[in-house]
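Per-entry structural report
Chain by chain, the residues:
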Amino acid sequence: MKLPRFEYFSPKSLQEVSSLLATYGRQARVLAGGTDLLVELKKKASSPSLRLGDMKETIPRYVIGLKGISGLTRIEYSAGAGLCVGPMTTYADVADSSIVREKSPLLWQGCRIFSRPQIRSAATLVGNLCNASPSADIVPPLIALGAKVKIVSAGAEREVMVEDFCGGPFKTVLKEDELVAELNIPDPAEPYGWSYQRTTKRTAEDEALVVVAVLLCTGYVKVVKAILEVVKEGHSQ
Amino acid sequence: MEKYSVIGKRLPLIDSVAKVTGEAKFTDDLAMPGMLVGKILRSPHPHARIVRIDVGKALKLPGVRAVVTGKETPGIRYGALDNLRDELPLAIDKVRYIGDEVAAVAAVDEEAARDALDLIEVEYEILPALFTPEEAMRPGAPRIHDHVENNVSLALRVPLGGDVEAGFAQSDFVFEDSFETQFIAHCPLEPHTALATFDSSGKIVLWSSTQGPFYLRRDLALTLDVAEARVRVIKPFVGGGFGGKREMLAGDFCAALLAWKSRQPVKITYDREEEFSATRRRVPMKIYLKIGVMKDGALVAKHLRVIADGGAYNGRGPMIVASGASQMTLVYRFPHFLFEGYHVYTNNPVTSSMRGFGNNQIRFADDSVMERIARELGIDPVELRLKNARLPGETTLMGAKVATCGLRECIQKVAERGGFYKKRNGRATNATSRQGSLRGVGIASGAYISGAKLFFEHDSSAAFVKVEENGSVCLLTGASDIGQGANTVLAQLVAEELGISLEDVRVVSADTDVTPMDLGAYGSRTTFVAGNAVLAAARDAKEQVLEVAAEKLEANSADLELKDRRIYVRGSLRKSMGFQEAVSGALNSPKGIVILGRGYYNPPTDYDPRTRQGNVSGAYTFAAQSAEVEVNPETGEVRVLSLVAAQDCGFAINPMATEGQIEGSVSMGLGQALYEDLETEQGRTLNPSFAGYRIASSRDMPPMECHLTQTIDPEGPYGAKGVGEMTLVPTVPAIANAIYDAIGVQIKSLPITPEKILAALKERQG
């Protein structure tokens, strides 16, 4: 399979990305790690008669790569604010981070066992979140942890809970000209316990069938379960 | 002293270095000056009439050199047998499945070819489509092929060995059950590829990833309506076939047609999506099975009814239905049999040959019912199988003459090595392993042919052994090495017979203008049939060598023997000469003798296709496998902990290659038992990629043991029988039976997914 034809932009700032998005809207897609987007583009460009449905219409004509913007792979921690993860931070970055391991073991575990090394070193947490693929294993831990995303556009900025960010498979609350500039994971109230469980059809590198993340704080339990086909969330007090 | 010098040895395949270094050239590695890239336009509809095709825009696209549609073809249908020919390599009037070939394009690069496909305008009149055999068989259902009523392309009713109803009446117990198997993809790592050229005389040369160039030559000449003599087919290195490269596909035909039209070489390589959705797949079967049994476990009668989803065209499907049933009579003995089989057209992709040729499906059902019989009658499952197992020297209900049979030894071996008795007893005390998971063991058997006269009046293969002045030998065989190691095994036979080393033998194979004929790599026939042919040619060469040596050594040629590249006079250590010396001496003499061995082999069988009775194959092979599994009752996940395989291979010419066949089979069987399923909705394949279609990975492979039972078949080359397919046949039922043992419920449809296990456990709990 090969990629369809598209125009590639390599902006130098997030503001530039926002203005490109504002100009091209749905015809443009943002490229972070590419593990979802490149596969999707190849699929859409493949044998016209064999592909599912008529996807030709939806092949984006513009791809905006984030690689040229510095400072997007950050992992920062400050007491009170919690962890801040940049839009180009990969699963491998998080899995290799001693600060995440110490401050957010639930997130660390989720990133550590996700997929396989090749994918972990390319795929980004934010990119995965924005694609809202049911195979984005990191969503349940983020919801359990009460994570928020910072969304920017040409003229504005807003914050949304991850819980409210994904509206179903491949659906998010992002508007045409918006992108996620940061992911924030607050510190859970001490003392707390956690668990992360993942089941696949075959072996670890497969897409998950079910992912369960549990965060247990004093007098409070949050269980988030994601099932491949339908993302379901459950809470219990 | 060891009996043999080259055969019976664990030798690396002669092409292994070329493959590991990447030096081996597969069809897609080949390039020609001026070569174009071909692409095929496929039907997006499961069933439609083609009203109009306009290729005008596509032809105008820069870089496009030729476009062909069915209208420009001779419109000749092809298929396995004359009465099964129902398929056009390019559709003319009608398309019958999503992926059916409508047009093809040749362009200077892939991009232009793909873009050109989008510019071809096809107007379709959509027809009602049928996706299950049941709806297709319904009276009044639309016809997929005009000449076939109710879409049943084959209906068989074969009563054998007396009266099945009387058999059930005299049985102490009667068991009845239904099973279902799935669509499975062959998944060769090398996709289907064809490269075609025309020379100035109008001759076609086609390089193709095929399992049989002579078969392909026949179908290509037929459908192009040219003389066979004007077609040459060459098989380069092939990266796996598993039955999926047995038949000509549209890629072969379109490459040749586009090359003719453009007067340039054209290569067509299927992409993985096409591989999964538009090539052949395993025939899914709905299997009804009724078995009558005495209380001591002796089998009395079986009634088997199979409804097969044939997809849009026959392929080899009808013969697969018949083959699975007939080979059911090989494994266990029973006196009464009624077989009913239906091969039904649907608007699904075409189902056809795949490793096991119908046996895998039937054995899943048969050995599953055997397991229920054992469980419900309180008979040990190993004892039940031993009691009924085929014995050497017997003739089956179908008329198969079983000269050698190691089934009992195989069953005993896997039961013992699989720790069957110990584990069964452990389970009886309700011992569970870690984290409350459930463990179980299962066993299953199988039997298979070593080639058969099913497609032609003969089942021949031929070979030349060209002995060079320098003492080396060139073997020319029509047989197809598709990765299974045929070239190595055949070279070993030649080296052994001539008393030379394996490195003295070069193999040129599978080229219709260079090598003698062979029908191809199918039916587990290569080692047995081509092996016998090669042996005949080697013996012919040997006689000639001995004759010239006899004169030099002043001995009787009957007293000479060949060993270690020398010719000895038996009983006289001092009188000997080198092999090369003899050959060279014969040439460098006034007589100028050149040693050329020739031979062919056609199995001495007497099968009658009309009655479906008689001895169908020259030898029969048997196997048993046992599996131990662990099931997680919370998630339904299955882990195969160990697998033991025992194979009656007659004689292992290369035990390492034989074990390789078994190991590969187990990985395939594991996938087919637990993971693999081409999900197909309204005729569309939903998971046409390795991400969506899950084969077993290296991490899923259980620790396994292979045991070779050598029964030395009198008809086989040095006693060898075929193993290529047999090795896969018992894997699925062995795993299924182990799961049954673990969870106490039988899952009767494949694959056995965690969802099905959880649902079954839930239902049992009520």
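The shown structure was predicted, so the numbers you read here are calculated from the model rather than taken from an experiment. (Residues numbered from 1 in each chain as written. Chains lettered and ligands numbered in written order. Predicted model: local features only at pLDDT ≥ 70, side-chain atom pairs only at ≥ 80, totals over all residues.)

This part covers the overall build of chain A. Within chain A, the secondary structure is distributed over nine helices and 13 strands. A buried classification covers 39% of the 237 residues belonging to chain A. For chain A, contacts bridging at least 24 residues in sequence account for 63% of all contacts bridging at least 6. (Helix = DSSP H or I, 4+ residues; strand = E, 2+ residues; numbered from the N terminus. Buried ≥ 20, exposed ≤ 12 C-beta atoms within 10 Å, placed from the backbone. Contact = placed C-beta atoms within 7 Å.)

With that out of the way, let us pick up the overall build of chain B. From N to C terminus, chain B includes 19 helices and 30 strands. In terms of C-alpha radius of gyration, chain B reaches 27 Å, essentially the compact-globule figure of 27 Å for 766 residues. In terms of overall dimensions, chain B has C-alpha extents of about 90 × 75 × 50 Å along its principal axes. Looking at the 766 residues of chain B, the share that counts as buried comes to 59%. For chain B, long-range pairs separated by at least 24 residues make up 79% of all intrachain contacts whose partners lie at least 6 apart in sequence. (Rg over C-alpha atoms; globule rule 2.2 N^0.38 Å.)

Residues and elements named next belong to chain B. Helix length check: helix α14 (residues 486–498) (13 residues) gives 19 Å between terminal C-alpha atoms against 18 Å at 1.5 Å per residue, within 8%. Most of α14 sits inside the fold, with 13 of its 13 residues counted as buried. Phi turns positive one or two residues past the end of α14, at Gly499, with a value near 65°. (Expected span 1.5 Å × (residues − 1).)

As a further point, take the sheet that holds strand β3 (residues 64–69) of chain B. Residues and elements named next belong to chain B. Taking strand neighbours across the sheet as the criterion, the seven strands line up as β3-β5-β1-β12-β9-β10-β11 in an open arrangement whose pairing is mixed. Each having just a single partner strand, β3 and β11 (231–234) make up the two edges of the open sheet. The sheet shows a mean angle of 20° between the axes of neighbouring strands, taken without regard to direction. Two elements, strand β1 (residues 36–42) and strand β5 (residues 101–107), share six bridges in a ladder whose sense is antiparallel. Looking at β5, one finds that Arg42 is bridged to Glu101. Helix-sheet contacts for helix α6 (residues 213–224) involve β10 (204–208) and β11, and the interaxial angle to β11 is about 145°. (Pairing = 2+ DSSP bridges. Axes fitted to C-alpha atoms, helices over the stretch in contact; angles between N-to-C directions.)

All names here are of chain B. Orientation of helix α11 (residues 381–388) relative to helix α12 (residues 407–417), taken along the N-to-C sense of each, is 170°, at an axis distance of 9 Å. As far as their axial angle goes, α12 and α11 are roughly antiparallel. Judged by residue contacts, Val382, Arg385 and Leu386 of α11 engage Arg408, Ile411 and Ala415 from α12. A per-class count over the contact of α11 with α12 returns four nonpolar, no polar and two charged. (Parallel < 35°, antiparallel > 145°, perpendicular 65-115°, else oblique. Nonpolar A, V, L, I, M, F, W, Y, C, P; charged D, E, K, R; others polar.)

Residues and elements named next belong to chain B. Packing of helix α9 (residues 317–331) against helix α10 (residues 359–377) leaves a shortest axis separation of 8 Å and a crossing angle of 50°. One element, α9, and the other, α10, form an angle in the oblique class. Judged by the sense of rotation from one axis to the other, the crossing of α9 with α10 is right-handed. Each of Gly324, Ala325, Gln327 and Met328 in α9 lies in contact with α10, whose residues at this interface are Asn359, Gln361, Ile362 and Asp366. (Left-handed = near helix turned anticlockwise from the far one by under 90°.)

The figure often quoted for interface size is the accessible area lost as the parts come together. Residue and element names in this part refer to chain A. As assigned here, chain A comprises domain 1 (7–65) and domain 2 (75–188). A straight line from the C-alpha centre of domain 1 to that of domain 2 covers 21 Å. Listed by partner, the interface residues are 14 residues for domain 1 and 18 residues for domain 2. No other element matches helix α1 (residues 14–24), which puts six residues into the side of domain 1 that touches domain 2. (Domains from an automatic or database assignment.)

This part covers the domain arrangement of chain B. Residues and elements named next belong to chain B. Each domain of chain B was delimited in the assignment, giving domain 1 (16–23 + 460–601), domain 2 (31–127 + 189–240 + 245–278) and domain 3 (281–453 + 609–765). Taken over C-alpha atoms, the centre of domain 1 sits 38 Å from the centre of domain 3. Counting from both sides, the interface comprises 16 residues of domain 1 and, opposite them, 22 residues of domain 3. Secondary structure elements with two or more residues in the side of domain 1 that touches domain 3: α14 and α15 (526–553). In terms of residue count, the dominant contributor to the side of domain 1 that touches domain 3 is α15 (six residues).

In this section: the sheet that holds strand β14 (residues 285–293) of chain B. Residue and element names in this part refer to chain B. Taken together, the five strands give an open sheet; going across it, the order is β7-β16-β15-β14-β8, and neighbouring strands pair in mixed fashion. Only two strands of the sheet have a single partner each, and these edge strands are β7 (152–160) and β8 (173–180). Across this sheet, the average inter-strand angle for adjacent strands is 5°, counted without regard to direction. One ladder, built from eight bridges, connects β7 with strand β16 (residues 336–345); its direction is antiparallel. Bridging from a neighbouring strand, Leu160 pairs with Phe337 of β16. Contacts between α10 and the sheet are confined to β8 and β14, with β14 contributing the most and set at about 35° to the helix.

Turning to the nonpolar core, a few remarks are in order. Residue and element names in this part refer to chain B. Grouped together as the largest cluster of nonpolar side chains are 179 residues, with contacts concentrated most on Leu475, Leu490, Val494, Val534, Ile735 and Ile739. The element that contributes the greatest number of residues to this core is α15, accounting for 15 residues. Core analysis: the second largest hydrophobic core is formed by 53 residues, Leu41, Leu117, Ala196 and Tyr215 among them. (Core = buried A, V, L, I, M, F, W, Y, C linked by C-beta atoms within 7 Å.)

It is a general feature of regular strands that their side chains alternate between the two faces of the sheet. Residues and elements named next belong to chain B. Judged by how many residues are buried, strand β18 (residues 438–449) sits mostly within the fold: 12 of 12 residues are covered. In β18, alternate side chains face the same way, and those of Leu438, Gly440, Gly442, Ala444, Gly446 and Tyr448 on one face and Arg439, Val441, Ile443, Ser445, Ala447 and Ile449 on the other are all buried. With 12 bridges joining them, β18 and strand β26 (residues 620–631) adopt antiparallel strand pairing. Looking across to β26, one finds that Arg439 is bridged to Glu630.

Moving on: the environment of Ala116(B). Residue and element names in this part refer to chain B. Note that Ala116 resides in helix α3 (residues 110–119). Overall, Ala116 belongs to the buried group, with 28 C-beta atoms counted inside 10 Å. Considering only alpha carbons, one finds Ala116 and Lys453, 337 residues apart in sequence, at a separation of 44 Å.

Attention shifts here to the environment of Pro4(A). All names here are of chain A. Within the element layout of this structure, Pro4 appears in the segment before β1 (7–9). Looking at Pro4, the number of C-beta atoms within 10 Å reads 15, which means it is partly exposed. In sequence terms Pro4 and Ile185 are 181 residues apart; their C-alpha atoms lie 37 Å from each other. Setting aside anything within four residues of it in sequence, one finds Pro4 in contact with Leu41, Lys44, Ala45 and Ile59.

The subject of this paragraph is α10(B). Since there are 3.6 residues in each turn of an α-helix, residues three or four apart along the chain are aligned in direction. Counted at 1.5 Å a residue, the expected span for α10(B) with its 19 residues is 27 Å, and the 26 Å between its end C-alpha atoms agrees. Positive backbone phi, approximately 70°, marks Gly378(B), located one or two places after α10(B).

Turning to the confidence of the model for chain A, a few remarks are in order. Residues of chain A with pLDDT of at least 70 account for 87%, and the chain-wide mean is 85. Taken together, the stretch residues 228–237 of chain A has pLDDT below 50 and engages in 21 contacts with residues farther than four places along the chain or on a different chain. (pLDDT = per-residue confidence, 0-100.)

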